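Here are the chains, one letter per residue:
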Amino acid sequence: QVQLVESGGGLVQPGGSLRLSCAASRSILSINVVGWYRQAPGKQRDLVAVIASGGRTNYADSVKGRFTISRDISKNTVHLQMNSLKSEDTDVYYCNARDYDLSYNFRDYWGQGTQVTVSS
C-alpha cells in the first residue's frame, strides 16, 4: 500500500503558475507509475502527467509545453509545475500511484485531491 498527501493547490490568475506536490509513504522508485489526474464535477478523471519508476514521463496533449512533472527521490515526492495556466485547467487535481503485478494487473492509490482554480 501507499498513502499520498497532496499540497500546493489554490487560486491563480490566467497565465500564472502553481506547483503541486505529492508525498508518498514509501519510496517512489518502488511504485511503477506516479502522477497526476484531474477531474471536474460530473466528469471523468483524466490523466494530466505521469512519471514511471524508470523516469519516463507522459503528458496529456492539453498540458504539453506548459506542465512539467518531476520527482525528488530523497523525499519520495512528485511535483507538478504548472505554467501558463488557463481557465480550463480549473479542476480538482489528484495524485495517483499505480502498482502493477507480474500479470500486468494494477492497483491504484489516490490522494485526497487539491483544488486548482484559474480565474481573474
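Structure's up top.
The sections below set out a description of the structure shown in this document.

Parameters at a glance
In this numbering scheme, every chain counts its residues from 1 along its sequence in written order. Totals for whole chains, interfaces and linings use all residues, but because this is a predicted model, local features are given only for residues with pLDDT of at least 70 and pairs of side-chain atoms are given and counted only at 80 or more. The side-chain figures draw on all heavy atoms in the structure; neither hydrogens nor water molecules are used. The numbering of helices and of strands both runs from the N terminus, where a helix is a DSSP run of H or I of at least 4 residues and a strand a run of E of at least 2. Burial status follows relative accessibility: with a 1.4 Å probe on protein chains alone, a residue under 20% of its type maximum counts as buried, one over 50% as exposed, and anything between as partly exposed. The contact definition used throughout considers only heavy atoms, calling two residues in contact when any of these lie within 4.5 Å. A pair of strands is considered paired only if DSSP assigns at least 2 bridges between the two. Just to be clear on terms, a salt bridge is a Lys or Arg side-chain nitrogen sitting within 4 Å of an Asp or Glu carboxyl oxygen. Axis definition: a line fit to C-alpha positions, over the contact stretch in the case of helices; interaxial angles, taken between N-to-C directions, run 0 to 180 degrees. Residues belong to one nonpolar core when they are buried, are Ala, Val, Leu, Ile, Met, Phe, Trp, Tyr or Cys, and are joined through side-chain atoms within 4.5 Å.

Relative to the elements of secondary structure, Thr114 occurs in strand S11 (residues 114–118). The buried category is assigned to Thr114, whose relative accessible area is 12%. Residue contacts for Thr114: discarding those within four places in its chain leaves Glu6, Gly9, Leu20, Asp91, Val92 and Tyr93.

On to the pairing of strand S8 (residues 77–82), then. In the case of a regular strand, side chains alternate between the two sheet surfaces. Within S8, five of the six residues are buried, leaving the element largely enclosed by the surrounding structure. By the bridge criterion, six bridges tie strand S3 (residues 18–24) to S8 in an arrangement that is antiparallel. Considered in S8, the bridge of Cys22 is made with Val78. The antiparallel pairing of strand S7 (residues 67–72) with S8 creates a hairpin that spans four residues between the two strands, and Asn76 there sits at a positive phi of about 50 degrees.

With that settled, consider the pattern of salt bridges. As a working rule, side chains carrying opposite charge can pair if their charged atoms are close by. All told, the structure shown has six salt bridges when counted by the stated rule. A salt bridge links Asp89 to Arg66; its shortest N-O distance comes to 2.8 Å. Taken together, the residues Asp89 in the loop between S8 and strand S9 (91–100) and Arg66 in the loop between strand S6 (57–59) and S7 connect sequence positions 23 residues apart. Arg98 is the partner of Asp108 in a salt bridge, and the nearest nitrogen-oxygen pair spans 2.7 Å. With Asp108 in strand S10 (residues 106–110) and Arg98 in strand S9, this residue pair connects regions lying 10 residues apart in the sequence. Exposure remark for Arg98: the relative accessible area of 18% places this residue in the buried category. Via salt bridges that share partners, Arg38, Arg66, Asp89 and Asp91 belong to a single interconnected network.

Let's shift gears to the sheet that holds S7. Adjacent strands of a sheet form backbone hydrogen bonds with each other and so pair up, either parallel or antiparallel. Pairing within the open sheet is antiparallel, and its four strands lie in the order S1-S3-S8-S7. Two strands close off the open sheet at either side, each with one partner strand: strand S1 (4–7) and S7. Here the average twist between neighbouring strands, direction ignored, is 15 degrees. Alignment of S7 against S8, held across six bridges, turns out to be antiparallel. Among the inter-strand pairings, Arg71 is bridged to a residue of S8, identified as Val78.

What follows is about the nonpolar core. Judged by nonpolar contacts, the single largest core of 29 residues is most densely connected at Trp36, Leu80, Met82 and Tyr93. Looking at this core, the elements with two or more residues in it are S3, strand S4 (33–39), strand S5 (46–52), S7, S8, S9 and S11. The leading source of residues in this core is S3, at four residues.

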